[in-house]
Amino acid sequence: MTLTALAPAKINLHLEVLGLRSDGYHELAMVMQSLDLVDTLRFTPTADGQISLSCDRPELPSGADNLIVKAAQLLRSRSGLPELGAAIELEKRIPIGAGLAGGSSDGAAALLGLNQLWGLGFSQEALLGFAAELGSDMPYCLEGGTRLCFGRGERLEPLAPGQVPPSWGVLLIKHPAVSVSTPWAYGRCREMRADFYLSREEDFEQRRQSLRLGPLSQALRGEGSLPLLRNDLQAVVAPEVESVTLGLQLLRGAGHPLAVAMSGSGPSLFALHRDLEAAGAARAELASALQAAGFESWCCGLLPAGVTLEGAAPSA
Ligand code: C5P
(Lines give C-alpha, C1' and ligand atoms only; values in the text may rest on other atoms or scores of the structure.)
Protein backbone atom coordinates (compact mmCIF):
# COMPACT_ATOMS: atom_id res chain seq x y z
CA MET A 1 0.00 0.00 0.00
CA THR A 2 1.48 3.34 -1.07
CA LEU A 3 0.15 6.73 -0.01
CA THR A 4 0.80 9.96 -1.91
CA ALA A 5 0.95 13.47 -0.45
CA LEU A 6 1.24 16.76 -2.31
CA ALA A 7 3.38 19.58 -0.90
CA PRO A 8 2.78 23.03 -2.41
CA ALA A 9 5.22 25.94 -2.53
CA LYS A 10 4.33 29.24 -0.86
CA ILE A 11 5.07 32.87 -1.60
CA ASN A 12 5.06 35.75 0.86
CA LEU A 13 2.65 38.50 -0.11
CA HIS A 14 3.91 40.41 2.95
CA LEU A 15 6.95 39.87 5.18
CA GLU A 16 7.45 42.46 7.88
CA VAL A 17 10.19 42.05 10.47
CA LEU A 18 8.80 43.61 13.64
CA GLY A 19 11.57 42.94 16.12
CA LEU A 20 13.78 40.42 17.84
CA ARG A 21 12.40 37.94 20.37
CA SER A 22 14.00 36.68 23.53
CA ASP A 23 14.40 33.22 21.88
CA GLY A 24 16.61 34.78 19.16
CA TYR A 25 13.97 34.48 16.41
CA HIS A 26 12.43 37.48 14.72
CA GLU A 27 8.89 38.54 15.48
CA LEU A 28 7.14 38.62 12.09
CA ALA A 29 3.92 39.76 10.46
CA MET A 30 3.38 37.96 7.16
CA VAL A 31 0.81 36.99 4.58
CA MET A 32 1.58 33.67 2.94
CA GLN A 33 -0.08 32.10 -0.08
CA SER A 34 0.14 28.52 -1.43
CA LEU A 35 0.94 28.00 -5.13
CA ASP A 36 0.11 25.11 -7.43
CA LEU A 37 3.83 24.36 -7.81
CA VAL A 38 3.93 21.08 -5.94
CA ASP A 39 6.36 18.38 -4.74
CA THR A 40 5.05 14.80 -4.57
CA LEU A 41 5.87 12.40 -1.72
CA ARG A 42 5.11 8.67 -1.85
CA PHE A 43 5.12 6.64 1.36
CA THR A 44 5.36 2.85 1.60
CA PRO A 45 5.29 1.16 5.02
CA THR A 46 8.24 -1.11 5.89
CA ALA A 47 8.48 -3.67 8.66
CA ASP A 48 12.18 -3.09 9.42
CA GLY A 49 11.85 0.07 11.55
CA GLN A 50 13.87 2.08 9.01
CA ILE A 51 12.96 5.49 7.66
CA SER A 52 14.53 5.96 4.23
CA LEU A 53 14.24 8.81 1.77
CA SER A 54 15.08 8.80 -1.92
CA CYS A 55 14.83 11.87 -4.11
CA ASP A 56 15.04 12.55 -7.83
CA ARG A 57 17.40 15.49 -7.11
CA PRO A 58 20.82 14.13 -6.02
CA GLU A 59 21.95 17.54 -4.70
CA LEU A 60 19.30 17.38 -1.96
CA PRO A 61 20.59 15.75 1.25
CA SER A 62 18.38 12.77 2.09
CA GLY A 63 19.85 11.98 5.54
CA ALA A 64 18.90 13.03 9.06
CA ASP A 65 19.12 16.76 8.15
CA ASN A 66 16.27 16.53 5.68
CA LEU A 67 13.02 17.92 7.15
CA ILE A 68 11.11 14.89 5.80
CA VAL A 69 13.32 12.55 7.82
CA LYS A 70 13.16 14.85 10.87
CA ALA A 71 9.37 14.94 10.62
CA ALA A 72 9.15 11.16 10.31
CA GLN A 73 11.42 10.64 13.30
CA LEU A 74 9.55 13.15 15.46
CA LEU A 75 6.17 11.62 14.60
CA ARG A 76 7.43 8.12 15.30
CA SER A 77 8.97 9.10 18.62
CA ARG A 78 5.74 10.86 19.74
CA SER A 79 3.75 7.76 18.75
CA GLY A 80 5.85 5.59 21.09
CA LEU A 81 6.07 2.95 18.33
CA PRO A 82 9.78 2.68 17.41
CA GLU A 83 9.13 -0.31 15.13
CA LEU A 84 7.34 1.87 12.53
CA GLY A 85 9.19 2.23 9.25
CA ALA A 86 8.62 3.88 5.89
CA ALA A 87 10.27 4.20 2.51
CA ILE A 88 9.65 7.72 1.22
CA GLU A 89 10.14 8.88 -2.35
CA LEU A 90 10.29 12.58 -3.11
CA GLU A 91 9.65 14.01 -6.56
CA LYS A 92 10.93 17.57 -6.38
CA ARG A 93 9.50 20.40 -8.43
CA ILE A 94 9.85 23.31 -6.00
CA PRO A 95 13.29 24.90 -6.38
CA ILE A 96 15.63 24.38 -3.42
CA GLY A 97 16.91 27.25 -1.22
CA ALA A 98 14.49 29.57 -2.92
CA GLY A 99 12.33 31.18 -0.22
CA LEU A 100 9.36 29.06 -1.36
CA ALA A 101 9.27 26.80 1.76
CA GLY A 102 9.86 23.69 -0.34
CA GLY A 103 11.68 21.89 2.49
CA SER A 104 9.08 22.93 5.11
CA SER A 105 6.22 21.87 2.86
CA ASP A 106 7.84 18.47 2.27
CA GLY A 107 8.23 18.08 6.05
CA ALA A 108 4.59 19.05 6.62
CA ALA A 109 3.53 16.53 3.95
CA ALA A 110 5.54 13.85 5.80
CA LEU A 111 3.65 14.64 9.04
CA LEU A 112 0.28 14.41 7.27
CA GLY A 113 1.16 11.36 5.16
CA LEU A 114 2.81 9.26 7.86
CA ASN A 115 0.09 10.06 10.41
CA GLN A 116 -2.29 8.43 7.92
CA LEU A 117 0.05 5.64 6.71
CA TRP A 118 0.90 4.56 10.25
CA GLY A 119 -2.71 4.98 11.45
CA LEU A 120 -1.61 7.21 14.35
CA GLY A 121 -4.70 9.39 14.50
CA PHE A 122 -2.94 12.56 15.69
CA SER A 123 -5.28 15.58 15.40
CA GLN A 124 -4.51 18.50 13.08
CA GLU A 125 -3.79 20.54 16.24
CA ALA A 126 -1.20 17.98 17.39
CA LEU A 127 0.38 17.95 13.91
CA LEU A 128 0.55 21.76 13.97
CA GLY A 129 2.42 21.52 17.29
CA PHE A 130 4.93 19.03 15.85
CA ALA A 131 5.32 21.23 12.78
CA ALA A 132 6.15 24.27 14.94
CA GLU A 133 8.91 22.27 16.65
CA LEU A 134 10.46 21.47 13.27
CA GLY A 135 10.41 24.88 11.58
CA SER A 136 8.79 28.31 11.71
CA ASP A 137 7.09 27.97 8.29
CA MET A 138 5.97 24.39 8.74
CA PRO A 139 2.61 24.99 10.51
CA TYR A 140 1.64 27.30 7.67
CA CYS A 141 2.58 24.61 5.14
CA LEU A 142 0.18 22.18 6.85
CA GLU A 143 -2.73 24.63 6.69
CA GLY A 144 -1.81 26.61 3.58
CA GLY A 145 -4.09 28.77 1.48
CA THR A 146 -4.06 32.49 2.25
CA ARG A 147 -3.01 33.07 5.85
CA LEU A 148 -1.78 35.79 8.15
CA CYS A 149 1.26 34.39 9.99
CA PHE A 150 2.54 36.01 13.18
CA GLY A 151 4.97 35.16 15.99
CA ARG A 152 7.99 33.51 14.39
CA GLY A 153 5.63 32.51 11.56
CA GLU A 154 3.78 29.71 13.35
CA ARG A 155 0.78 31.69 14.64
CA LEU A 156 -1.80 31.38 11.86
CA GLU A 157 -4.95 33.38 11.22
CA PRO A 158 -7.31 33.06 8.25
CA LEU A 159 -7.92 36.26 6.36
CA ALA A 160 -11.66 35.76 6.52
CA PRO A 161 -13.73 32.61 7.19
CA GLY A 162 -14.07 30.50 4.03
CA GLN A 163 -11.94 32.94 2.04
CA VAL A 164 -10.86 31.62 -1.37
CA PRO A 165 -7.73 33.03 -3.03
CA PRO A 166 -8.09 35.39 -5.99
CA SER A 167 -7.72 33.93 -9.48
CA TRP A 168 -4.44 35.79 -10.08
CA GLY A 169 -1.67 34.25 -12.14
CA VAL A 170 1.86 34.20 -10.71
CA LEU A 171 4.99 34.46 -12.83
CA LEU A 172 7.73 33.01 -10.64
CA ILE A 173 11.43 33.15 -11.46
CA LYS A 174 14.62 31.89 -9.85
CA HIS A 175 18.23 31.66 -10.90
CA PRO A 176 19.18 27.97 -10.51
CA ALA A 177 22.75 28.75 -9.45
CA VAL A 178 21.74 31.14 -6.64
CA SER A 179 20.34 30.24 -3.25
CA VAL A 180 20.01 32.27 -0.04
CA SER A 181 20.42 30.92 3.48
CA THR A 182 17.51 32.01 5.68
CA PRO A 183 19.65 32.42 8.85
CA TRP A 184 22.08 34.56 6.84
CA ALA A 185 19.24 36.81 5.56
CA TYR A 186 17.81 37.31 9.05
CA GLY A 187 21.32 37.91 10.42
CA ARG A 188 21.94 40.65 7.81
CA CYS A 189 18.53 42.11 8.57
CA ARG A 190 19.49 42.38 12.23
CA GLU A 191 22.77 44.09 11.35
CA MET A 192 21.10 46.59 9.03
CA ARG A 193 17.74 47.28 10.67
CA ALA A 194 17.96 46.52 14.39
CA ASP A 195 17.73 50.26 15.17
CA PHE A 196 14.20 50.23 13.72
CA TYR A 197 13.04 47.10 15.52
CA LEU A 198 10.01 47.35 17.80
CA SER A 199 10.15 45.70 21.20
CA ARG A 200 6.82 46.19 22.99
CA GLU A 201 4.00 43.69 22.55
CA GLU A 202 1.47 46.53 22.07
CA ASP A 203 3.54 47.86 19.16
CA PHE A 204 3.69 44.36 17.61
CA GLU A 205 -0.08 44.04 18.00
CA GLN A 206 -0.67 47.40 16.36
CA ARG A 207 1.31 46.25 13.30
CA ARG A 208 -0.61 42.94 13.22
CA GLN A 209 -3.88 44.85 13.31
CA SER A 210 -2.74 47.14 10.46
CA LEU A 211 -2.05 44.04 8.38
CA ARG A 212 -5.40 42.43 9.24
CA LEU A 213 -7.30 45.58 8.25
CA GLY A 214 -4.96 47.11 5.66
CA PRO A 215 -5.08 47.35 1.86
CA LEU A 216 -3.41 43.99 1.17
CA SER A 217 -5.96 42.09 3.27
CA GLN A 218 -8.75 44.07 1.61
CA ALA A 219 -7.42 43.28 -1.88
CA LEU A 220 -7.21 39.58 -1.00
CA ARG A 221 -10.84 39.73 0.09
CA GLY A 222 -11.68 41.25 -3.30
CA GLU A 223 -12.35 44.70 -1.80
CA GLY A 224 -9.81 46.92 -3.54
CA SER A 225 -6.67 47.00 -5.62
CA LEU A 226 -3.33 45.57 -4.54
CA PRO A 227 -0.93 47.93 -2.77
CA LEU A 228 2.85 47.67 -3.16
CA LEU A 229 3.98 44.44 -1.52
CA ARG A 230 6.37 44.65 1.44
CA ASN A 231 9.16 42.19 2.11
CA ASP A 232 11.70 43.56 4.59
CA LEU A 233 14.23 40.89 3.62
CA GLN A 234 14.15 42.08 -0.01
CA ALA A 235 16.02 45.29 0.86
CA VAL A 236 18.59 43.19 2.75
CA VAL A 237 19.11 40.51 0.10
CA ALA A 238 18.84 42.55 -3.14
CA PRO A 239 22.08 44.57 -2.69
CA GLU A 240 24.03 41.34 -2.07
CA VAL A 241 22.47 39.13 -4.76
CA GLU A 242 22.76 40.54 -8.27
CA SER A 243 20.11 38.29 -9.79
CA VAL A 244 17.47 39.66 -7.39
CA THR A 245 17.83 43.26 -8.56
CA LEU A 246 17.92 42.22 -12.21
CA GLY A 247 14.99 39.80 -11.86
CA LEU A 248 12.79 42.39 -10.14
CA GLN A 249 13.51 44.82 -12.98
CA LEU A 250 12.59 42.23 -15.61
CA LEU A 251 9.34 41.26 -13.87
CA ARG A 252 8.27 44.91 -13.46
CA GLY A 253 8.77 45.56 -17.17
CA ALA A 254 6.61 42.79 -18.67
CA GLY A 255 2.86 43.09 -19.09
CA HIS A 256 1.03 45.04 -16.39
CA PRO A 257 1.84 43.21 -13.14
CA LEU A 258 -0.40 43.96 -10.18
CA ALA A 259 2.65 43.64 -7.93
CA VAL A 260 6.23 42.34 -7.94
CA ALA A 261 8.29 41.11 -4.97
CA MET A 262 10.81 38.63 -3.59
CA SER A 263 9.45 35.62 -1.68
CA GLY A 264 10.68 34.90 1.87
CA SER A 265 14.45 35.25 2.17
CA GLY A 266 14.74 34.87 -1.62
CA PRO A 267 16.13 34.61 -4.12
CA SER A 268 12.93 33.59 -5.93
CA LEU A 269 10.89 36.50 -7.27
CA PHE A 270 7.32 36.75 -8.45
CA ALA A 271 4.95 38.99 -10.36
CA LEU A 272 1.22 38.82 -9.71
CA HIS A 273 -0.93 39.21 -12.80
CA ARG A 274 -4.70 39.51 -13.11
CA ASP A 275 -4.98 35.87 -14.30
CA LEU A 276 -2.90 32.95 -15.58
CA GLU A 277 -3.23 34.11 -19.17
CA ALA A 278 -1.68 37.49 -18.34
CA ALA A 279 1.11 35.75 -16.38
CA GLY A 280 1.74 33.48 -19.39
CA ALA A 281 1.85 36.47 -21.75
CA ALA A 282 4.39 38.23 -19.48
CA ARG A 283 6.49 35.04 -19.41
CA ALA A 284 6.42 34.82 -23.21
CA GLU A 285 7.39 38.49 -23.51
CA LEU A 286 10.33 37.92 -21.15
CA ALA A 287 11.40 34.54 -22.56
CA SER A 288 14.61 35.65 -24.24
CA ALA A 289 15.64 38.08 -21.45
CA LEU A 290 15.05 35.38 -18.80
CA GLN A 291 17.03 32.88 -20.81
CA ALA A 292 19.89 35.34 -21.38
CA ALA A 293 20.08 36.04 -17.62
CA GLY A 294 19.82 32.32 -16.81
CA PHE A 295 16.52 32.39 -14.92
CA GLU A 296 14.11 29.47 -14.67
CA SER A 297 10.43 30.44 -14.73
CA TRP A 298 7.03 29.03 -13.82
CA CYS A 299 3.42 30.17 -14.23
CA CYS A 300 1.31 29.24 -11.23
CA GLY A 301 -2.14 29.69 -9.77
CA LEU A 302 -3.03 30.16 -6.09
CA LEU A 303 -4.22 27.21 -3.97
CA PRO A 304 -6.81 27.34 -1.17
CA ALA A 305 -4.96 24.82 1.04
CA GLY A 306 -1.55 23.46 1.99
CA VAL A 307 -0.37 19.85 2.01
CA THR A 308 -2.98 17.30 0.98
CA LEU A 309 -3.24 13.54 0.59
CA GLU A 310 -3.91 12.52 -2.99
CA GLY A 311 -7.55 11.71 -3.46
CA ALA A 312 -8.55 13.80 -0.40
CA ALA A 313 -10.56 17.01 -0.90
CA PRO A 314 -8.53 20.09 0.17
CA SER A 315 -9.93 21.76 3.30
CA ALA A 316 -10.14 25.52 2.60
O1 C5P B 1 12.48 28.04 12.13
P2 C5P B 1 13.44 27.78 11.03
O3 C5P B 1 14.41 26.69 11.37
O4 C5P B 1 12.80 27.53 9.71
O5 C5P B 1 14.29 29.11 10.87
C6 C5P B 1 15.51 29.13 10.19
C7 C5P B 1 16.34 30.33 10.67
O8 C5P B 1 15.76 31.54 10.19
C9 C5P B 1 16.42 30.49 12.16
O10 C5P B 1 17.47 29.74 12.70
C11 C5P B 1 16.68 31.98 12.29
O12 C5P B 1 18.04 32.28 12.01
C13 C5P B 1 15.87 32.57 11.14
N14 C5P B 1 14.51 32.98 11.57
C15 C5P B 1 14.36 34.10 12.35
N16 C5P B 1 13.10 34.47 12.74
C17 C5P B 1 12.01 33.77 12.34
C18 C5P B 1 12.16 32.64 11.52
C19 C5P B 1 13.43 32.27 11.14
O20 C5P B 1 15.32 34.76 12.73
N21 C5P B 1 10.81 34.19 12.71
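Residues numbered from 1 in each chain as written. Predicted model: local features only at pLDDT ≥ 70, side-chain atom pairs only at ≥ 80, totals over all residues. Heavy atoms only, no water.

## Thoughts on the site of the ligand
Phase 1 of the analysis: Around the ligand sit Y25, H26, L28, G135, S136, R152, T182, P183 and Y186, and those are all the residues in its vicinity.
Phase 2 of the analysis: Take R152: an N or O atom from its main chain is 3.0 Å from a nitrogen atom of the ligand.
Phase 3 of the analysis: Burial of the ligand by the surrounding chains reaches 73%, relative to a free accessible area of 450 Å².
Phase 4 of the analysis: Taking a 2 Å distance to the grid points as the criterion, the majority of the atoms of the ligand fall inside the largest pocket.
Phase 5 of the analysis: Of all the secondary-structure elements, those providing two or more residues to the shell around the ligand are strand 2 (26-46) and helix 5 (182-193).
Phase 6 of the analysis: Of the residues forming the shell around the ligand, the biggest block, three residues, is contributed by helix 5.
Phase 7 of the analysis: Each residue belonging to the shell around the ligand can be placed in one class, and the counts come to four nonpolar, four polar and one charged. (Near = heavy atom within 4 Å. Polar contact = N/O pair within 3.5 Å; in protein donor to acceptor, adjacent residues only side chain to side chain. Areas by Shrake-Rupley, 256 points an atom, 1.4 Å probe, with all protein chains shown as cover. 1 Å grid on protein atoms, 1.4 Å probe; cavity = no way out; pocket = protein on both sides within 12 Å on 5 of 7 lines; lining within 4 Å. Sits in = over half its atoms within 2 Å of the grid points. Helix = DSSP H or I, 4+ residues; strand = E, 2+ residues; numbered from the N terminus. Nonpolar A, V, L, I, M, F, W, Y, C, P; charged D, E, K, R; others polar.)

## Here's the deal with the pattern of salt bridges
Phase 1 of the analysis: Taken as a whole, this structure holds 22 salt bridges when the rule is applied.
Phase 2 of the analysis: A salt bridge links D203 to R200, with the nearest nitrogen and oxygen atoms 3.0 Å apart. (Salt bridge = Lys/Arg side-chain N within 4 Å of Asp/Glu carboxyl O.)

## Comments concerning the packing of aromatic side chains
Phase 1 of the analysis: Across all of its chains, the model carries one aromatic pair by this definition.
Phase 2 of the analysis: If you follow R152 out to its NZ or CZ, it ends over the ring of Y25, 5.1 Å from the centre.
Phase 3 of the analysis: Over the aromatic face of F150 sits the side chain of R208, whose NZ or CZ is 6.0 Å from the ring centroid. (Phe/Tyr/Trp six-rings, centres within 6.5 Å; stacked < 30°, edge-to-face > 60°. Lys NZ or Arg CZ within 6 Å of the ring centre and 35° of its normal.)

## Re the layout of surface pockets
Phase 1 of the analysis: Looking at the largest pocket, its volume works out to about 1100 Å³.
Phase 2 of the analysis: What lines the largest pocket is a set of 39 residues, and nearest its centre among them are L67, S104, D137, T182 and P183.
Phase 3 of the analysis: Secondary-structure elements contributing two or more residues to the lining of the largest pocket are strand 1 (3-20), strand 2, helix 2 (102-117) and helix 5.
Phase 4 of the analysis: When its residues are assigned to classes, the lining of the largest pocket shows 17 nonpolar, 16 polar and six charged. (Points joined across faces, edges and corners; volume = space filled by probe spheres on them.)

## Notes on the sheet that holds strand 10 (residues 269-273)
Phase 1 of the analysis: Spatially, four strands are ordered 9-10-7-11 in an open sheet, and the strand pairing comes out antiparallel. Because the sheet does not close on itself, it has two edges, and the strands there are strand 9 (259-262) and strand 11 (296-300). Recorded for the sheet is a direction-independent mean angle of 20 degrees between the axes of neighbouring strands.
Phase 2 of the analysis: Each of strand 7 (169-174), strand 9 and strand 10 touches helix 9 (residues 242-252); the most contacted strand, strand 10, lies at about 15 degrees to it. (Pairing = 2+ DSSP bridges. Axes fitted to C-alpha atoms, helices over the stretch in contact; angles between N-to-C directions. Contact = heavy atoms within 4.5 Å.)

## What to know about the packing of helix 2 against helix 3 (residues 124-134)
Phase 1 of the analysis: At a minimum axis distance of 10 Å, the contact between helix 2 and helix 3 shows a crossing angle of 140 degrees. In terms of orientation, helix 2 lies oblique with respect to helix 3. Where helix 2 crosses over helix 3, the two elements pack in a sense that is right-handed. Here L111, L112 and N115 of helix 2 come into contact with helix 3, specifically with L127, F130, A131 and L134.
Phase 2 of the analysis: Split by residue class, the contact of helix 2 with helix 3 holds six nonpolar, one polar and no charged. (Parallel < 35°, antiparallel > 145°, perpendicular 65-115°, else oblique. Left-handed = near helix turned anticlockwise from the far one by under 90°.)

## A short note on the domain arrangement of the protein
Phase 1 of the analysis: Domain annotation for the protein reports domain 1 (3-163) and domain 2 (169-300).
Phase 2 of the analysis: A straight line from the C-alpha centre of domain 1 to that of domain 2 covers 22 Å.
Phase 3 of the analysis: With 35 residues of domain 1 at the contact, the number on the domain 2 side is 35 residues.
Phase 4 of the analysis: Of the roughly 3100 Å² buried where domain 1 meets domain 2, counting both sides, 64% is carbon and sulfur surface.
Phase 5 of the analysis: For E16, the salt bridge identified is with R207, shortest N-O distance 2.7 Å.
Phase 6 of the analysis: Linking domain 1 with domain 2 are 16 residue pairs in polar contact (both at pLDDT 80 or more), by the criterion used here.
Phase 7 of the analysis: When residues of the side of domain 1 that touches domain 2 are traced back to their parent elements, those giving at least two are strand 1, strand 2, strand 5 (146-150) and strand 6 (155-158).
Phase 8 of the analysis: A total of eleven residues in the side of domain 1 that touches domain 2 trace back to one element, the largest contributor, which is strand 1.
Phase 9 of the analysis: For the side of domain 1 that touches domain 2, the per-class residue count stands at 20 nonpolar, eight polar and seven charged. (Domains from an automatic or database assignment. Buried area = accessible area lost by both parts, 1.4 Å probe.)

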